[in-house]
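Summary of the model geometry
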Amino acid sequence: MRATVAVVDVEQLRQNFRAVQRYVEPRAILAIVKANAYGHGLIECAEIFRQEGATMLGVAFVQEGIQLRQAGNPLPILVLTPPQAEEVELYVQFELQALACSLPVMERLAAAARRKRKSVPVHIAVDTGMHREGIEPPLVVEFLDRLSKLEGLEVVGLCTHFATADEPDPSFLWEQWRQFREVVQRVSKGGYRIPYIHAANSAALVRFPETWGTMVRPGLLLYGYQPWGGERLSVKPVLQLKSRIIEYRRLRPGEWVSYHRLYRVERETTIVTVPIGYADGYRYTLTGRAECLIHGRRFPVVGAVCMDKIMVDVGDEPVQVGDEVVLLGSQGEGAIWAEELACWMRSIPYEVLSGISTSVPRVYQHGHPYDADESLQSALARV
């Protein structure tokens, strides 16, 4: 196994799911496991959510759904990207649920299902303002009428996606919700009974309970990160990114570190090398900004982040080859979580977590320390 690993706390993942489940009962939960379960491991996290009572799993692409089926996960799986015409046979073969956005593709999907004497569940996506995929609200009932006549399809869901659920100003969200509610009402008046009405992602789930529908779609919340504002649930980060010192050396004043000579040593100091880099998802944009934990203390990552190594200036700290380095997580009294890494990257926690490469082994264990007092505000103050 590599010195660099992503450690996933299985028990905390279970606790996070249960916290969400208690909060939204009796709504169904569509657990989002796309992007390798936000970097936490697709197969393993999906199985844990199955055990904990998830109604459905959400993936981005057909290939992720196939992976889950090949791993033996029997839960309903919704592919959250509209199907391409050449993928319809795979939906049927692996019993995947489809996002319905195109009548011609749905006709091909229905034909493929009929050939196998099967029925494919589909969810109609309503475009209420995200403008990424979906049917415009005034056209939904007509679209539903057409789908209902296609043997081989079963409409089981009606959904939309909020563009601004995690922003302070909720006005655009409420406009999206108004449009979606009107669609739901028109569908109901048309005599249709659709079991899964879903719109709420993690941010909407904790901020706007009115948008829960009959099913919610938590993602980031399951992995322990609370969206801005709203109800504070008892969730905690699940993943830690750790490595070890593989080399160290003393440098004299005036010597340079890493590519492009971006960091010049001003006094005699110890520089350590850690085997992680941008190929592992530790982004080049962290150059000159990031810190890590060694012996429970923060030290700066110096010089350019390399493809598979970083250097850290530990000053006069006594270190040895093999000493643990925490890039994301806690050590002693210190902690660095995804919000802080995201600030250094000028990005968002989603990219921090989902960007951890599959080249980094995932290790699943029970229990890791978490500093509950390590607030985002204190982290931002250090950026």
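For the structure, check the block above.
Residues numbered from 1 in each chain as written. Predicted model: local features only at pLDDT ≥ 70, side-chain atom pairs only at ≥ 80, totals over all residues. Heavy atoms only, no water.

A few words now on the overall build of the protein chain. Secondary structure summary: the protein chain contains twelve helices and 20 strands in total. By the compact-globule yardstick of 21 Å for 383 residues, the protein chain fits well, its C-alpha radius of gyration being 24 Å. Counting only C-alpha atoms and orienting by the principal axes, one finds that the protein chain spans roughly 80 × 40 × 40 Å. Classification of the 383 residues of the protein chain by burial places 54% in the buried group. Taking the intrachain contacts of the protein chain between residues at least 6 apart in sequence as the baseline, contacts between residues at least 24 apart amount to 66%. Of the roughly 17000 Å² of accessible surface on the protein chain, a fraction of 50% belongs to carbon and sulfur atoms. Here the protein chain contributes 42 positive and 45 negative side-chain charges, whose respective centroids are spaced 3 Å apart. (Helix = DSSP H or I, 4+ residues; strand = E, 2+ residues; numbered from the N terminus. Rg over C-alpha atoms; globule rule 2.2 N^0.38 Å. Buried < 20%, exposed > 50% of the residue type's maximum accessible area, 1.4 Å probe, protein only. Contact = heavy atoms within 4.5 Å. Areas by Shrake-Rupley, 256 points an atom, 1.4 Å probe, with all protein chains shown as cover. Lys, Arg positive; Asp, Glu negative; His and termini not counted. Charge placed at Lys NZ, Arg CZ, Asp CG, Glu CD.)

It is worth spelling out the nonpolar core at this point. Of all hydrophobic cores here, the largest spans 121 residues; its most connected members are Phe 49 and Leu 147. Sort the elements by how many residues they give to this core and helix α6 (residues 103–115) lands first, with seven residues. Apart from residues lying up to four places away in sequence, Leu 147 is in contact with Ala 100, Leu 103, Met 106, Val 122, Ile 124, Leu 153 and Val 155. Within the second largest apolar cluster, seven residues are counted, among which are Val 257, Val 265, Ile 271 and Val 302. (Core = buried A, V, L, I, M, F, W, Y, C linked by side-chain atoms within 4.5 Å.)

Time to look at a nonpolar patch on the surface. On the surface, a nonpolar cluster with roughly 400 Å² of combined accessible area is contributed by Leu 262, Tyr 278, Tyr 284 and Met 307. In this structure, Tyr 278 sits in the loop between β14 (269–274) and β15 (291–294). (Patch = residues over 30% accessible without salt bridge, like charges linked within 9 Å, V, L, I, M, F, W, Y side chains within 5 Å. Salt bridge = Lys/Arg side-chain N within 4 Å of Asp/Glu carboxyl O.)

Before going further, it helps to examine empty space enclosed by the protein. Tallying each qualifying case throughout the model produces one cavity of 30 Å³ or more. Counted as a void, the largest cavity has a volume near 60 Å³. The wall of the largest cavity is formed by Leu 241, Gly 281, Tyr 282, Leu 286, Leu 328, Leu 341, Met 345, Val 352 and Ile 356. Partitioned by chemical class, the residues of the lining of the largest cavity number eight nonpolar, one polar and no charged. (1 Å grid on protein atoms, 1.4 Å probe; cavity = no way out; pocket = protein on both sides within 12 Å on 5 of 7 lines; lining within 4 Å. Points joined across faces, edges and corners; volume = space filled by probe spheres on them. Nonpolar A, V, L, I, M, F, W, Y, C, P; charged D, E, K, R; others polar.)

Right, let's talk about the packing of aromatic side chains for a bit. Applying the stated criterion across every chain, the model contains nine aromatic pairs. With a centroid separation of 6.1 Å and an interplanar angle of 50°, the aromatic rings of Tyr 38 and Tyr 350 are classed as tilted. Taken together, the positions of Tyr 38 in helix α2 (residues 34–38) and Tyr 350 in helix α11 (residues 349–354) put the pair 312 residues apart, joining distant regions of the chain. In this structure Tyr 350 comes out as partly exposed when scored by relative accessible area, which is 29%. Consider the rings of Trp 174 and Phe 208, whose centres lie 5.2 Å apart with planes at 75°: the pair is edge-to-face. (Phe/Tyr/Trp six-rings, centres within 6.5 Å; stacked < 30°, edge-to-face > 60°.)

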